[in-house]
Amino acid sequence: MEYKELTPNEQMKYSTAKEVIDLGCTDTAIRRGKTKLGCTRKTLLKFIRWYESGDISLFSHHNKGHKPVTTKPEETRKLVRQLYKDKYSTASFTHFAEILRDDYNISISDGTLHSILKGAFFVSPCSKKATKRNMEKKLRQVARKENLSKAESDDVNAAFCMLDDADAHPRRPRSKYFGEMVQMDASEKVWVPGARKWHLHVAIDDATSEVVGAWFDLQETLKGYFCVLYMILMLHGIPSLFRTDRRTVFEYSLLSKPDEEKDTFTQFSAACNTLGIGIETTSIPQGKARVERLNRTLQGRIPVELLRRGITTMEEANAFLWEYLPTFNAQFSLKDDKDLATSTFLEAPPETDINAILAVVSNRVIDAGHSIQYHNSYYIPHIQYPNGLRPKYFQRGTKALVISAFDGTLLANIKEEIYILNEIEKRSA
């Protein structure tokens, strides 16, 4: 072995041992040598013996050029990169490590996974803005190089496609008690490949980051938020306050009306008023930063989880949310026994009462055919008798309040009496 084959650190050990010998191995020379190397006297004397033996290879580490036992095979590293690029690019690195362990029986540490994926120019969707900027700068340097291979060019282009701007939200103190404030919002995304965009309505407790409700719908609708509220009532109870954005689902007032009219209740507000839940609205996303961050997390995780389970329909996705939220909260919620003991959630009313509270009411008028038009169909009020339903006819122009209960039952309030609405078939059976 030759001197030039040693590493710089090994060359310094060799040259220092030579200097000490040239100085006669005096106490002063040994003291200078061990100070230069930052080692003990015993270690320096060992280096001197190696030098005197004339075998330079003694200064070279015996594991040089050997891969550690824990090194992942190149085939595994290639599979990990390919899976992330083709299938799980929207998952965070931590989530991807869980998927590799559960679905592919590949146990890999976070550090190793970061090394493999960052070596292929991939950045986690949850990375900080500075990390994404640094990776973008590195990618541009690589892209400027000449004679890039097709594989390298494809990797650079794929990495550029995955980089996006980071949304930063300022921090604010959490609420003190579990149930004191629940933030609500909906996020739009193509959650299932090949399907249209769905809106995921979510609610998160501000104090503990517990996801207390979630529901898919085609649009951000009253029904979606009613389903979230139903989940909250069934799983936890009645919260103290909702903080939401300024949508007409929560707040409605005509610009031409005076200020005192701004507290006019909408359907959702009326239900919350019945339950004793306050509503705060804000047009600033940072005012409900907790749910905004949750939207980003769920947009990265839920599509991957739906793909893993082969879920393609909205009905299956909503059923999946009931079983997924406890798993998600077990990993990310900060709730503990103290939060349960000091919770401000009140006991929810019976399910029959919830069915009536979460109802949509509409004003209608009896027409000349003694019927009520509702959602492009016609209905006749009926009275429930022991031996069955009988129709009840009212004069044309009679005012009616149509009540669509949470379970879909249609009722009508006419002259302070409740009637069951039966649909008139478009054609006889």
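Notes on the structure follow. (Residues numbered from 1 in each chain as written. Predicted model: local features only at pLDDT ≥ 70, side-chain atom pairs only at ≥ 80, totals over all residues. Heavy atoms only, no water.)

What to know about the pairing of strand β1 (residues 182–189)
To keep it simple, the criterion reads: Each residue gets one of three labels from its accessible area relative to the maximum for its type: buried under 20%, exposed over 50%, partly exposed in between, using a 1.4 Å probe on protein chains only. In DSSP terms, a helix is any run of H or I states spanning at least four residues, a strand is any run of E spanning at least two, and both are numbered starting from the N terminus. Strands qualify as paired when DSSP identifies two bridges or more between them.
Where burial is concerned, most of β1 is hidden: 6 out of the 8 residues are buried. Sheet topology note: the β1/strand β2 (residues 198–205) ladder contains 8 bridges and is antiparallel. By the bridge assignment for β2, Val182 is matched with Asp205. The pairing of β1 with strand β4 (residues 241–245) spans 2 bridges and is parallel. Within the sheet, the bridge partner assigned to Gln183 lies in β4 and is Arg243.

Some thoughts on the nonpolar core
Filter applied, for reference: Nonpolar cores were defined as sets of buried Ala, Val, Leu, Ile, Met, Phe, Trp, Tyr and Cys residues, with membership established by side-chain atoms within 4.5 Å. Residues are treated as being in contact if the distance between any of their heavy atoms lies within 4.5 Å.
If you look at the biggest cluster of nonpolar residues, it comprises 27 residues, and the most contacted ones within it are Val182, Met184, Leu229, Ile232, Phe242, Phe268 and Leu358. At the level of elements, β1, β3 (211–217), α9 (222–235), α10 (267–275) and α14 (351–357) are the ones that each hand at least two residues to this core. The biggest single contributor to this core is α9, with 9 residues. Each residue touching Leu358, except ones within four places of it in the same chain, is listed here: Phe226, Leu229, Tyr230, Ala271, Ser404, Ala405 and Phe406. Formed by 23 residues, the second largest nonpolar core is a distinct cluster that contains Leu200, Val202, Ala317 and Tyr324.

A few points about the packing of helix α2 (residues 27–37) against helix α3 (residues 41–53)
Using the following cut-off: Fitted lines through C-alpha atoms serve as axes, helices being fitted only where they are in contact, and the angles separating the N-to-C directions of these axes extend from 0 to 180 degrees. For this classification, under 35 degrees means roughly parallel, over 145 means roughly antiparallel, 65 to 115 means roughly perpendicular, and everything else is oblique. Put simply, Ala, Val, Leu, Ile, Met, Phe, Trp, Tyr, Cys and Pro go in the nonpolar bin, Asp, Glu, Lys and Arg in the charged bin, and everything else, Gly too, in the polar bin.
Two elements in contact, α2 and α3, have axes whose closest approach is 9 Å; the angle formed by their N-to-C orientations is 100°. When the interaxial angle is binned, α2 and α3 end up roughly perpendicular. The segment α2 lies against α3, with Asp27, Ile30, Gly33, Lys34 and Leu37 engaging Arg41, Leu44, Leu45 and Phe47. Among the residues making up the contact of α2 with α3, the classes are represented as 5 nonpolar, 1 polar and 3 charged.

A word on the pattern of salt bridges
Once their charged atoms are close, side chains differing in charge can pair, the charge on each being opposite to the other. Applied cut-off: Salt bridge, as used here, is a side-chain nitrogen of Lys or Arg placed within 4 Å of a carboxyl oxygen of Asp or Glu.
According to the stated counting rule, one finds 15 salt bridges in the structure shown. For the salt bridge of Arg301 with Glu98, the shortest nitrogen-to-oxygen distance reads 3.7 Å. Of the two residues, Arg301 sits in helix α11 (residues 289–309) while Glu98 sits in helix α5 (residues 93–103), which places them 203 residues apart along the sequence. Taken as a pair, Arg301 and Glu98 share a single burial class, namely buried. In this structure, Asp206 engages Arg290 in a salt bridge whose closest nitrogen and oxygen atoms are separated by 3.3 Å. You can see Asp206 sitting in the loop between β2 and β3 and its partner Arg290 sitting in helix α11, a full 84 residues away along the chain.

Side note on the sheet that holds β2
Taken together, 5 strands build an open sheet; the order of strands is β3-β2-β1-β4-β5 and the sheet is mixed. Since the sheet does not close on itself, it has two edges, and those belong to β3 and β5 (278–282), each with one partner. On average, each strand axis in the sheet is inclined to that of its neighbour by 20°, with strand direction left out of account. With 5 bridges joining them, β4 and β5 adopt parallel strand pairing. Opposite Asp245, over in β5, you have Thr282 as the bridge partner. Its contacts with the sheet place α10 against β1, β4 and β5, and it is angled at close to 145° to β5. Relative to the sheet, α11 contacts β1, β2 and β3, its axis offset from that of β1 by approximately 40°.

Thoughts on the packing of α5 against α11
Spelled out, the test is: Crossing handedness: left-handed means the near helix sits turned counterclockwise from the far one by under a right angle, and right-handed means the same turn made clockwise.
Remark: α5 packs on α11, axes separated minimally by 11 Å, with the N-to-C direction vectors making an angle of 15°. Relative to α11, the element α5 is oriented roughly parallel. The two elements α5 and α11 meet at a crossing, and its hand is right-handed. For the pair α5 and α11, contact is made by His95, Glu98, Ile99, Asp102 and Asp103 and by Gly300, Arg301, Val304, Glu305 and Arg308, respectively. Partitioned by chemical class, the residues of the contact of α5 with α11 number 2 nonpolar, 2 polar and 6 charged.

Concerning the packing of aromatic side chains
Condition: Geometry of aromatic contacts follows a simple scheme: Phe, Tyr and Trp rings, the Trp one being its six-membered ring, pair when their centres are within 6.5 Å, and the pair is stacked under 30 degrees between planes, edge-to-face over 60, tilted otherwise.
Here the structure, examined in full by the defined rule, presents 21 aromatic pairs. Between Tyr14 and Phe59, the ring centres sit 5.4 Å apart and the planes meet at 80°, which makes this aromatic pair edge-to-face. With Tyr14 in helix α1 (residues 8–22) and Phe59 in the loop between α3 and α4 (74–86), this pair connects stretches of sequence that are 45 residues apart. Residue classification places Tyr14 among the buried residues on the basis of a relative accessible area of 18%.

Thoughts on a nonpolar patch on the surface
Rules: Each patch is built from residues that are more than 30% exposed by relative accessible area and take part in no salt bridge. Like charges join if they lie within 9 Å; nonpolar side chains (Val, Leu, Ile, Met, Phe, Trp, Tyr) join within 5 Å. Computed with the Shrake-Rupley method and a 1.4 Å probe, the accessible areas treat only the protein chains shown as cover for residues.
On the surface, Met234, Leu235 and Trp322 cluster together into a nonpolar patch covering about 280 Å² of accessible area. Examined against the element boundaries, Leu235 turns out to sit in helix α9.

Section: the side chain of Glu220
The cut-off we apply is this: For the purposes of these results, a polar contact is taken to be a pair of N or O atoms within 3.5 Å, where, inside protein, one atom must be able to donate a hydrogen and its partner to accept one; residues adjacent in sequence count only when each atom of the pair is a side-chain atom.
Looking at the secondary structure, you find Glu220 in the loop between β3 and α9. With relative accessibility at 13%, the residue Glu220 sits in the buried group. Polar contacts involving the side chain of Glu220 include one to the side chain of Tyr225, which spans 2.5 Å. Setting aside residues up to four positions removed in sequence, Glu220 forms contacts with Asp185, Ala186, His199, His201, Tyr225, Asp245 and Arg247.

Here's the deal with the pairing of β3
Where burial is concerned, most of β3 is hidden: 7 out of the 7 residues are buried. Examined bridge by bridge, β2 and β3 share 6 bridges and lie antiparallel to one another. Considered in β3, the bridge of Leu200 is made with Phe216. Two successive antiparallel strands, β2 and β3, enclose a turn made up of 5 residues, where Ser209 displays a positive phi of approximately 60°.

Describing α3
Test applied: To estimate the expected span of a helix, count its residues, drop one, and scale the result by 1.5 Å. To be clear, the arc concerns the directions from the helix axis to the C-beta atoms.
If you check α3, its first and last C-alpha atoms are 19 Å apart, about what 13 residues at 1.5 Å a residue would give, namely 18 Å. Within α3, the full set of buried residues consists of Leu44, Phe47 and Ile48. The buried side chains of α3 occupy one side of the element, clustering within an arc of 105° when seen end-on. In α3, those exposed residues whose orientation departs by more than 90 degrees from the buried face are Lys42 and Arg49. Its buried side turned inward, α3 meets α1 and α2. In the stretch just after α3, Gly54 is the one whose phi turns positive, near 80°.

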